[in-house]
Every structure is written in structure tokens, then in C-alpha cells.
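Spelled out from the first residue to the last, the chains are:
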Amino acid sequence: KTVIITIIIFIIVILRKCEYNNYLNKGEELIILVEKYKQNTGKLPESVSELGIKETMGEGPYYEKKDTSYIIYFNIGFDKSLIYDSNNKKWQYEP
């Protein structure tokens, strides 16, 4: 019984890590596009449509321009977000 519970916990941890890495990969792709756009035009895009990307509904990634910075985020479940802030160049979870 203990072995089965350990295996189940191990599988859950691996699946969450894979999901997290998937979010980061998608987010990093969008960060690269935003930074290239900024480098080429000298400004941030107003929306992802300026990057040639169609906005989608669901988990994300979503892009939101601030004054001189931006965030990229994923909605995870009902009450959690994974957010990249261009000011500190870090990803963090927010409940």
C-alpha cells in the first residue's frame, strides 16, 4: 500500500514538473518574440496580434503591456497564475 502511494505521488510530481516546463517553454517563445519586436521597432507591441499571433482563450500565454514593461502569464486552474514580469525577468506563481 505504501509503495502504491509513493508511486502515485512520484507520478503527480513528474506530471506537474512537465506541465511547469511546458508553460515556461511557451512563455519563453513569446518573450523572445516580444524582445525581438522591441529591438526592431524600439517599442513594445500593444498586443500579440502585432507579433503575428492570434490571441487564444484558455491557459495562455497571455501578454499584457504596461507603460515601459510587460507581463506574460498563464491562468492555471481557477485561482492560480504563472506570471513573467519583464522588470525583474522572473517567473512566479500567484494565487
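Residues numbered from 1 in each chain as written. Predicted model: local features only at pLDDT ≥ 70, side-chain atom pairs only at ≥ 80, totals over all residues. Heavy atoms only, no water.

A. Structural detail: the overall build of the protein chain. Along its length, the protein chain carries one helix and four strands. Walking the protein chain from its N terminus toward its C terminus, one meets helices and strands in the order α-β-β-β-β. For the C-alpha atoms alone, the extent of the protein chain along its principal axes is close to 60 × 25 × 20 Å. The contacts in the protein chain between residues at least 6 apart in sequence include a share of 25% that link residues at least 24 apart. Working note: accessible area of the protein chain is about 7,100 Å², and carbon and sulfur atoms make up 57% of it. Side-chain charges of the protein chain comprise 13 positive and 13 negative groups, with the mean position of each set lying 5 Å from the other. (Helix = DSSP H or I, 4+ residues; strand = E, 2+ residues; numbered from the N terminus. Contact = heavy atoms within 4.5 Å. Areas by Shrake-Rupley, 256 points an atom, 1.4 Å probe, with all protein chains shown as cover. Lys, Arg positive; Asp, Glu negative; His and termini not counted. Charge placed at Lys NZ, Arg CZ, Asp CG, Glu CD.)

B. Spotlight on the pairing of strand β1 (residues 62-65). Pairing of β1 with strand β2 (residues 70-76), which is carried by four bridges, proceeds in the antiparallel orientation. Across the sheet, residue Glu-64 finds its bridge partner in β2, namely Ile-71. With antiparallel pairing between neighbouring strands as the criterion, β1 and β2 make up a hairpin whose turn holds four residues. (Pairing = 2+ DSSP bridges.)

C. Seen up close, the side chain of Ser-69. Position of Ser-69 among the secondary structure elements: in the loop between β1 and β2. At 3.4 Å, the side chain of Ser-69 forms a polar contact with the side chain of Asn-87. Look past the residues within four positions of Ser-69 in its chain and what remains in contact with it is Leu-44, Ser-86 and Asn-87. (Polar contact = N/O pair within 3.5 Å; in protein donor to acceptor, adjacent residues only side chain to side chain.)

D. The arrangement of the pattern of salt bridges in detail. Under the defined criterion, the tally for this structure stands at two salt bridges. The partner of Lys-65 in a salt bridge is Glu-46, with the nearest N and O atoms 2.8 Å apart. Placement of Lys-65 in strand β1 and of Glu-46 in the loop between α1 (2-41) and β1 is noted, with a sequence separation of 19 residues between them. For Lys-65, a relative accessible area of 29% translates into the label partly exposed. Lys-66 serves as the salt-bridge partner of Glu-64, at 2.8 Å between the closest nitrogen and oxygen. (Salt bridge = Lys/Arg side-chain N within 4 Å of Asp/Glu carboxyl O. Buried < 20%, exposed > 50% of the residue type's maximum accessible area, 1.4 Å probe, protein only.)

E. Layout of unusual backbone geometry. A positive phi is found at Lys-89, a non-glycine position, where the angle reads about 55°. With respect to the helices and strands, Lys-89 occurs in the loop between β3 (80-85) and β4 (90-94).

Worth remembering: the numbers are spatial, not functional.
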